[in-house]
Each structure stands twice: as C-alpha cells, then as structure tokens.
Amino acid sequence: MNNLLFILWNPDTYIFHVGSWGIRWYSTCWLIGLVGAYFMVKWLFSDQRITTRTIMKDGKKVEENVFDPLFMYCFLGILIGARLGHCLFYQPDYFLTSWDHAIEMILPIHHMPNGSWRFVGYEGLASHGGTLGLMLALVLYSRQMGVKLWTVLDNIAIATPITACFIRLGNLMNSEIIGKVTDVPWAFIFERVDQQPRHPGQLYEAIAYACFFFVGWYFYRHAKRPVGHGFYFGLCITLIFAFRFFIEYTKDVQVDFEQGMLLNMGQILSIPFVILGIYCMKRSGK
C-alpha cells in the first residue's frame, strides 16, 4: 500500500509541558466533555424549572439548590465506574492477582520494578463501566435531592453524547482503541502503533455521538417529547450501544483473550444496554 494515500497520525499526547509536568489531550477532552454536558443539563433543568426544593433547616423552611450537587455525582460515578469496568471486564487477570495491582485499580499510580510508586493517571477506562457507574450515581442523587429519577435520567441522556464524543476524541489523540487494517482512503496510520493503515474507530464513534446529541435535541426542542418517562434515556443508550456493537467490527482486539471470540467484550456488554434502552422507550409510551 502507498502510505501517501493515508493520514499519518502521531500527535503529542500532551498539550504542553512545564518541566516534567504537563496537561494531556485525553484528560482535557474528558474535562471538555463533562463541562459541556454540565452546562447542557443546567440549561435543561432551568428550562424545566427544576431549580430548588424546600427543606427544613434549624426549624425553618429554606430553599436548596438541587442542581449544583449533580456534577459531582456524575463525575465520580463515571470515573469510578469506567475505571472499575476496565479493570474487571478487560484485565481481571492483572488487577485481581495481587494487592499492588488492586491498589493500581483504585489509585492513579503504578508500582515500579524498583519498588517505588509513580503517578501515571488512570490508564484504562471502559465506557460500559462508566455508564453503569453513572446510572448508580444518578439513583443516589435522585434519592438524596428528591428529583424524580426518570427526569434525571432523561436530562442526563440528552447531554451524555457530548461527553462520549469528546472522550473518543481523547482516545484518538492517544492513538488508542485503534481499528483494523484497511485500505479505505481515510485510513489513519497510527505511527506509535505500527505503519499499517487502520480504521479510525475513535473518530467514527465521536462523529456518531455528536449526531446522536442532535437527535435527542430535535426530540426535545422540536418534537416536544416530554421529559420524565424514560424516552430520552432509552433513546440514548439504544443509539450509543447499538452503534458500539456494530462499530466493534472495525476495531482491533483490545485484550488478548478476545482473540477468536465470536463477539468481543465490548459487543457482549453492549447487548444488555440495547435491550434496556428499547424497553425504556417502549415503557415511556404507555
């Protein structure tokens, strides 16, 4: 194959360095995605007049803001779920074999051969685990703040594709989750991996998730589909994980045990989410 026909891809994983410290593209994309979703949900809560609740404090009725705690619930739910999901779904043979590795699963550090510990950040996050962590966090938030669970899930679902889009752009900047070798003219040569032209699976997903956001936005702003019955939650996870199931056919295997499997781990984990999403959409119409 003539490599001049393809896109050479080898960006620096850091935006800039200050001595030995630097800011990575990956973490920045995560932050942009979360902040973008934060402002989207804040607008949705305001548009639906979900702003405060009345509570008793020191024997007096006071108004408490119900939106402000939501970001921290989502951030911790996604991060913890995504990290545990990667470790337990994709590398249990590593993280569950010693206490040192179990510590690495929880803390962003790595045990070096010389016995020291080095800060490396969280290297390995799984979207399926992040979704489960987010769902659990939203259940806790709903109970704590007294906001109807389906209302919370629907609003978060409208904004979720924003975060998913930027996370995959972060994967692209890291040259990870690469696609299979191909000869399509838009193939990327991930120079940090090899010199083979491959499907840019991360870019496929980022574009798809951006489109899914506009689908949800259309139903909210133009079709006037009501929030609070599970339709948007079902629509979001159905679109994302159905696409995720099929796009896996363009990706290279992520871990060795997937070699020879009829369906890889990403596809197996996507099926329950698609079923749940379809159920939620059907339920919302009753």
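Residues numbered from 1 in each chain as written. Predicted model: local features only at pLDDT ≥ 70, side-chain atom pairs only at ≥ 80, totals over all residues. Heavy atoms only, no water.

Student: Explain the environment of I275 to me, using residue names and the numbers behind them.
Tutor: Structurally, the position occupied by I275 is in helix 9 (residues 265–284). Taking the relative accessible area as the measure of exposure, I275 reaches 54% and is therefore exposed. (Helix = DSSP H or I, 4+ residues; strand = E, 2+ residues; numbered from the N terminus. Buried < 20%, exposed > 50% of the residue type's maximum accessible area, 1.4 Å probe, protein only.)

Student: Provide a residue-level description of the environment of G234, including the pertinent values.
Tutor: Mapped onto the secondary structure, G234 falls in helix 8 (residues 231–247). Residues contacting G234, with those up to four places away along its chain left out, are G277, C280 and M281. (Contact = heavy atoms within 4.5 Å.)

Student: Could you give an account of the UniProt feature "transmembrane region" (unreviewed entry) in the protein, naming the residues involved and the relevant values?
Tutor: Residues annotated in UniProt with the feature "transmembrane region" (unreviewed entry) correspond here to residues 23–45, 66–85, 125–142, 149–169, 203–220, 227–247 and 259–281. Overall, residues 227–247 shows 81% helix and 0% strand. The separation of its end C-alpha atoms is 29 Å. Along residues 259–281 the backbone is 74% helical and 0% strand, and the end-to-end C-alpha distance reaches 35 Å. (UniProt positions renumbered as here; feature names shortened; annotations may be inferred.)

Student: Which residues make up the UniProt feature "binding site: a 1,2-diacyl-sn-glycero-3-phospho-(1'-sn-glycerol)" (unreviewed entry) in the protein, and what are the values?
Tutor: The positions that UniProt labels "binding site: a 1,2-diacyl-sn-glycero-3-phospho-(1'-sn-glycerol)" (unreviewed entry) are, in the present scheme, R168. Inspection of the secondary structure puts R168 in helix 6 (residues 149–173). Apart from the residues within four sequence positions on either side, R168 is in contact with S127, I177, Q202, E205, A206, Y209, R244 and K251.

Student: Describe the pattern of salt bridges, and please don't skip the residues or the numbers.
Tutor: Pairing is possible between side chains of opposite charge, provided their charged atoms come close. Inspection of every chain in the model, using the stated rule, returns 6 salt bridges. A salt bridge links K251 to E205; its shortest N-O distance comes to 2.5 Å. With K251 in the loop between helix 8 and helix 9 and E205 in helix 7 (residues 201–221), this residue pair connects regions lying 46 residues apart in the sequence. Classification of E205 as buried rests on a relative accessible area of 0%. The salt bridge partner of K251 is E248, with a shortest N-O separation of 3.0 Å. For the residue pair K251 and E248, the accessibility class agrees, reading buried in each case. Linked through salt bridges whose partners overlap, the residues forming this network are R168, E205, R244, E248 and K251. (Salt bridge = Lys/Arg side-chain N within 4 Å of Asp/Glu carboxyl O.)

Student: Give me the lowdown on the sheet that holds strand 8 (residues 188–190), citing residues and values where you can.
Tutor: Sheet architecture is open: 3 strands sit in the order 1-8-9, paired in mixed fashion. A strand with exactly one partner marks an edge of an open sheet, and here the two such strands are strand 1 (7–9) and strand 9 (197–198). Looking at chain direction, strand 1 and strand 8 are connected through 3 bridges and run parallel. By the bridge assignment for strand 8, L8 is matched with I189. (Pairing = 2+ DSSP bridges.)

Student: An account of the pairing of strand 2 (residues 14–18) is needed here, citing residue identities and associated values.
Tutor: Pairing analysis gives 4 bridges linking strand 2 to strand 3 (residues 21–24), with the strands arranged antiparallel. Within strand 3, the residue paired with Y14 across the bridge is R24. Counted along the chain from strand 2 to the antiparallel partner strand 3, the turn is 2 residues long, and its residue G19 has a positive phi close to 65°.

Student: I'd like a rundown of the side chain of N264, residues and numbers included.
Tutor: Locating N264 in the fold gives a position in the loop between helix 8 and helix 9. N264 sits in the buried class, given a relative accessible area of 12%. For N264, the side chain forms a polar contact with the main-chain nitrogen of G266, separated by 3.1 Å. Within the local environment of N264, its side chain forms a polar contact with the backbone nitrogen of Q267, the two atoms lying 2.8 Å apart. Every residue in contact with N264, bar those within four places of it in the chain, is listed here: E248 and E258. (Polar contact = N/O pair within 3.5 Å; in protein donor to acceptor, adjacent residues only side chain to side chain.)

Student: Give me the lowdown on the packing of aromatic side chains, citing residues and values where you can.
Tutor: All told, the structure shown has 25 aromatic pairs when counted by the stated rule. On the basis of an interplanar angle of 20° and a centroid distance of 6.3 Å, the ring pair of F213 and W217 is categorised as stacked. Of this pair, F213 and W217 both sit in helix 7, 4 residues apart, roughly one helical turn. Using a relative accessible area of 13% as the deciding quantity, one classes F213 as buried. Ring pairs connect the aromatic residues W43, F213, F214, W217, Y218, F219, Y220, F231 and Y232, which therefore count as one cluster. Its end group placed over the ring of F231, R225 keeps NZ or CZ at 4.1 Å from the ring centre. (Phe/Tyr/Trp six-rings, centres within 6.5 Å; stacked < 30°, edge-to-face > 60°. Lys NZ or Arg CZ within 6 Å of the ring centre and 35° of its normal.)

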